[in-house]
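# What the coordinates show
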Amino acid sequence: MYTKLITNQLLKNITKFWHLQPIKCSARITNTTHLNVDQIKSKSSFGKEVTYCNNYKEVLNEREYSDIKNVWNNKETSFESYETEKINGEYVVNDEIEGDENVAIKNLLYDERQDDIMKLLNSCENCAELNKLVFNFDDRLKKEHVIQSVILTWMFTSSLTKDAMKENLLKYLLTCLEPYILDLNINEASCTFLYLRKMQVPKTHPVMCSLLTKALDSVNDPTEFVDLAAISQLAVAINTGRDFFTPILCANFINRVHKYIKTCQTREDARLLAICVLNLQPLIDDEILNAFKERISILLQNGVISSNCPKVIIKLLNMLNIGVWSHKNAAAIRDLLAALKPCIKQLEGNVLKNVCRIYLYHMEPATLHEPLAEALEDLLNRNISPETLAYFVPFSEPVRRNALINTFKTFINSSEVWEQSNSSAHLFSALRALKISDVAICDKYWNGVLKELNYASQADIGQLRFLRHCHRYMHFNNNLGGTYRHLGVEQRLSQMAITAIEYDIFGRIPQIFARLASFVFAYGHTPHCLKKYPNILLSKVINMAEQFTPGDCFLISRGLYISLELRYRYQIPPLVNMQLAAIDSVLAGCAERYANISEENQHNLHDLNLLVRCLSNRKTLKNSVIYHRILAKYKDVKCNDLNSRILKDMAYNFTATNYLAPEMLESMFEYITNNYEHVAGDTVEKVLTCAYNLGYMPKSSEPLQKASLIMLRDFNYMNGLSLVQACLALCFYKAVSQELIDKVFCVNFIQRVENEIQMCYSKATYPERVLKLVMQLNRSVCLDYPECKVPWFQQNFIEAHMSKKPFHESSFSRDVRKFLETLLQDDSYFRCNHVTPYGYQIDFVIHFDRDKKAIKAPMETTMLHRITKVAILLLKLDSFCENDLKALRGPDSLKIKHLEMMGYKVLRIAEHEWNSKYMNAEQAKRNYLKCLLQISN
């Protein structure tokens, strides 16, 4: 059976298919091949290598399998700039024993009261005692004793330890085990195979081949009962070492796993199923995954899974959070994290860090933020290290930033810290979360990374470990507005990436090639990089066009965007223009394939967000037909899989594109209403700011009220800019609370904002942006909430701002002014570029008396009640939404409302209407103004 199934040609075909499309449980093969099991048994002998394992040795090259694994594991889960060290496709789960480890392992298969020898075996405290006992009773050892000795050997010695005693003991135990193999049941065979695999016994050893054949025969026999524990142990054993091809070997596991999911009633079953699903991921389709999530939900509701079993919850979280499907499991992950809340402080350090990784990526549930912050602070006080600092910083209050920066400086200057495992990752996370813009500190970090790259082993380079540094550098450079460069790191990483693209098999795998090419596109450092991109990149992009996912296209477009900012900002060479046109056609083709997805195959919000970002990165594609088609897909997509991360991604896209999708925005507000306990303040702020910028009014005031409560709840953890933006949006909706206004307009908060300005990333733009938003909020509160009695203290800022920005009359403004002079016959009857007391700038102000005749601006305030002040606003194209030129955006709507509150009658002239075809004639523009101003003559 197996010899026929696993041939070279079949494996090549499957591998080729895998590169094109992930297997979606089409491999749920029925048990039709088990009829030939006897043929294998008759050919198997313990003195030879079984034919079945020989075939694996011939066709399953470890490197080839690793390449395929990396394709599965490196799927990007989000394009957000925050990088987490999340579990990303780690299938091998070695810690399937929970609780009291030693007792659980000893009693895994047998009761120690079974006989005297078993009691003696379990009483051993180290490998030496076990070794002595085994050889003393060699003539009395039964199969149970041999298997228990194998388990105890693993318990006493690390799988990485290779000492003579362990090697001799294992050889002897394997010899003793050989005669008993046909008598083993499935639990004994799978358990023995698992622990021998953990101790790195070669898979080609005759006993190992026989054990695996015995176990697989049982699983493939539909008449034989196979315990769930045995399936989980066997799945882990096959994945240990990563030298078997899981989709072939474990195809018949799926039906059994599906049946156990339907009958799962206990937390132990849930734990074992999590191990199975994690290790069988390539074979798990949406049907099985959704069934398991439904079962988890039922167990949570019934209290079977609760804070009393944190290790089970952690196992389930690790399974749901692998990169290939974490974006589909946000709701289940959120519910499991919420169940952990009562026991957060009791979690062991490494488990706590794991929970933090998952929470920071999914940003839900918000109720976990405070207990996690307290638990991490306790951990930091007990064990201060770069790793604990990196986890604590995102949870720390802004007031502690200075102290944490000093701690970080101590770490980065310590040579001992750099020698610790994964130190560069932890230091990067802390550096980025602390938003340190000190060039000396940044140089210190990247110098350390460069040293690490220069001394990297060939094994590390071959496994593309440098790719994580590419990812970090691109995001770090982006956060500093492209102003920070470390040429040494850029050159080294570009050299390593282009070498992998040209000479390594990774350069032929689309998902990995996209990540490598993105960095090379961005920073160059290749021959003729100022004149063109490397030819090999262009040829591979074209050849792999049909295999790129939306995530791959986004990575490539991001690399191109950075290169145009850094190298070709002022002039694009002709050859680069030609190359960009070819790549644009590939990106547009990918978007076209996605746009043509039938209605039966529902669009995925995650992919849709990536494609919008991809096309937005390319200015040449921004006004294309496919760009607008992809944006229009937001109106068709169903919002069943909304979560905080998708909310932030969509809010970013809508804000960046000015695209109004009322149905989607309403769904986002509904999500906040229904999940306000879980949604964090930062997420709510992004949604509020997006809706305000687009001028969208939600159907109900309930989400706005919930949003105001969330701002109060998370006030201490949010940065000043986010709070000001959220309050400004709530002012637009008349939904900001008195308590929130009092907390923002106080000395402590103003000082907090000033401190953030002092330590910000971009000194050129950030301070001006924050101060301008504070001015707008101050103005809005003064006008919309006079009862709060907040003083107007921004006049000096406005005057200083106006003095730095001299008035420049546009051609649009000049044209309108010319017609106003003709109509009113005296330019003293109107004012240009008028500034109101609250800093609003009005293009033209005209005063009319009671008879609707234009008059000069009155000098006395006593006359104001007898005249009409008309404000004419000239609205450019960006004052309206991209897809609706009648939908005025929020800032302009707020300005009109405030001007009306200040006594102005506001008239609007849109530039796209003024310059339209039907307004080409001068008489048409004159008549338009006469009608607008209601002038009769």
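Worth saying up front: this structure is predicted, and the values here are computed from it rather than measured. (Residues numbered from 1 in each chain as written. Predicted model: local features only at pLDDT ≥ 70, side-chain atom pairs only at ≥ 80, totals over all residues. Heavy atoms only, no water.)

### Here's the deal with the packing of aromatic side chains
- Evaluated as defined, the whole model comprises 28 aromatic pairs.
- With a centroid separation of 5.8 Å and 80° between ring planes, the pair formed by phenylalanine 819 and tryptophan 914 is classed as edge-to-face. Remark: tryptophan 914 occurs in helix H48 (residues 911-914) and phenylalanine 819 occurs in helix H46 (residues 811-824); sequence separation between them is 95 residues.
- Pairwise contacts between aromatic rings join Trp418, Phe428, Tyr445, Trp446, Tyr473, Phe476, Tyr484, Phe519 and Tyr523 into one cluster.
- When the ring centre of phenylalanine 244 is taken as reference, the NZ or CZ atom of lysine 203 above it lies at 5.0 Å.
- Over the ring of tyrosine 676 we find lysine 706; its NZ or CZ atom is 3.8 Å from the centre of that ring. (Phe/Tyr/Trp six-rings, centres within 6.5 Å; stacked < 30°, edge-to-face > 60°. Helix = DSSP H or I, 4+ residues; strand = E, 2+ residues; numbered from the N terminus. Lys NZ or Arg CZ within 6 Å of the ring centre and 35° of its normal.)

### Side note on the environment of leucine 174
- Among the secondary structure elements, leucine 174 is positioned in helix H10 (residues 164-177).
- For leucine 174, a relative accessible area of 8% translates into the label buried.
- It is 8.8 Å that separates the C-alpha atoms of leucine 174 and methionine 208, two residues lying 34 residues apart in sequence.
- Setting aside anything within four residues of it in sequence, one finds leucine 174 in contact with Leu196, Val201, His205 and Val207. (Buried < 20%, exposed > 50% of the residue type's maximum accessible area, 1.4 Å probe, protein only. Contact = heavy atoms within 4.5 Å.)

### Points about the state of the cysteines
- This model, assessed by the stated rule, comprises zero disulfides.
- Here cysteine 309 stays free of any disulfide, with the sulfur of cysteine 343 as its closest cysteine sulfur at 8.6 Å. (Disulfide = S-S within 2.5 Å.)

### Looking at the pattern of salt bridges
- Counting across every chain of the model gives 21 salt bridges.
- With its nearest N and O atoms 3.6 Å apart, the salt bridge here joins aspartate 335 to arginine 334.
- Note on arginine 334: relative accessible area 10%, which makes it buried.
- Among the charged side chains, a salt-bridge network with shared partners connects Arg334, Asp335 and Glu364. (Salt bridge = Lys/Arg side-chain N within 4 Å of Asp/Glu carboxyl O.)

### Some thoughts on the environment of isoleucine 322
- Along the chain, the position of isoleucine 322 falls in the loop between helix H18 (310-320) and helix H19 (330-340).
- It is 9.3 Å that separates the C-alpha atoms of isoleucine 322 and glutamine 281, two residues lying 41 residues apart in sequence.

### Regarding helix H31 (residues 535-543)
- Every buried residue of H31 is accounted for by Leu537, Leu538, Lys540 and Val541.
- On its buried face, H31 sits against helix H29 (487-503), helix H30 (510-523), helix H32 (550-566) and helix H33 (574-595).

### Regarding the packing of helix H23 (residues 401-412) against helix H26 (residues 439-454)
- Axis separation between H23 and H26 bottoms out at 11 Å; the angle between their running directions is 40°. Accordingly, the angle class assigned to the pair H23 and H26 is oblique. Handedness of the crossing formed by H23 with H26: left-handed. Across the interface between the two elements, Phe408, Lys409 and Ile412 of H23 pack against Ile441, Lys444 and Tyr445 of H26.
- Here the contact of H23 with H26 is composed, by residue class, of four nonpolar, no polar and two charged. (Axes fitted to C-alpha atoms, helices over the stretch in contact; angles between N-to-C directions. Parallel < 35°, antiparallel > 145°, perpendicular 65-115°, else oblique. Left-handed = near helix turned anticlockwise from the far one by under 90°. Nonpolar A, V, L, I, M, F, W, Y, C, P; charged D, E, K, R; others polar.)

### Section: unusual backbone geometry
- Cis geometry marks the peptide bond from glutamate 364 to proline 365, where omega comes out at -5°.
- Counting through the fold element by element, proline 365 comes out in the loop between helix H20 (349-362) and helix H21 (369-382).
- Phi at histidine 525 takes a positive value of approximately 60°, unusual for a residue other than glycine.
- Along the chain, histidine 525 falls in the loop between H30 and H31.
- For histidine 525, a relative accessible area of 29% gives the class partly exposed.

### A few points about the nonpolar core
- Core analysis: the largest hydrophobic core is formed by 285 residues, its most contacted members being Leu196, Phe253, Phe408, Phe466, Ile630, Tyr634 and Phe654.
- For isoleucine 630, the residues in contact, after removing those within four places along its chain, are Ala591, Tyr594, Ala595, Leu608, Leu611, Val612 and Leu615.
- One finds Val870, Ile872, Ile909 and Leu929 within the second-largest nonpolar core, a separate group that totals 21 residues. (Core = buried A, V, L, I, M, F, W, Y, C linked by side-chain atoms within 4.5 Å.)

### Regarding the pairing of strand S6 (residues 884-888)
- Here two bridges tie strand S5 (residues 880-881) to S6, and the two strands are oriented antiparallel to one another. Bridging from a neighbouring strand, phenylalanine 880 pairs with leucine 888 of S6.
- Count of turn residues in the S5/S6 antiparallel hairpin: two residues. (Pairing = 2+ DSSP bridges.)

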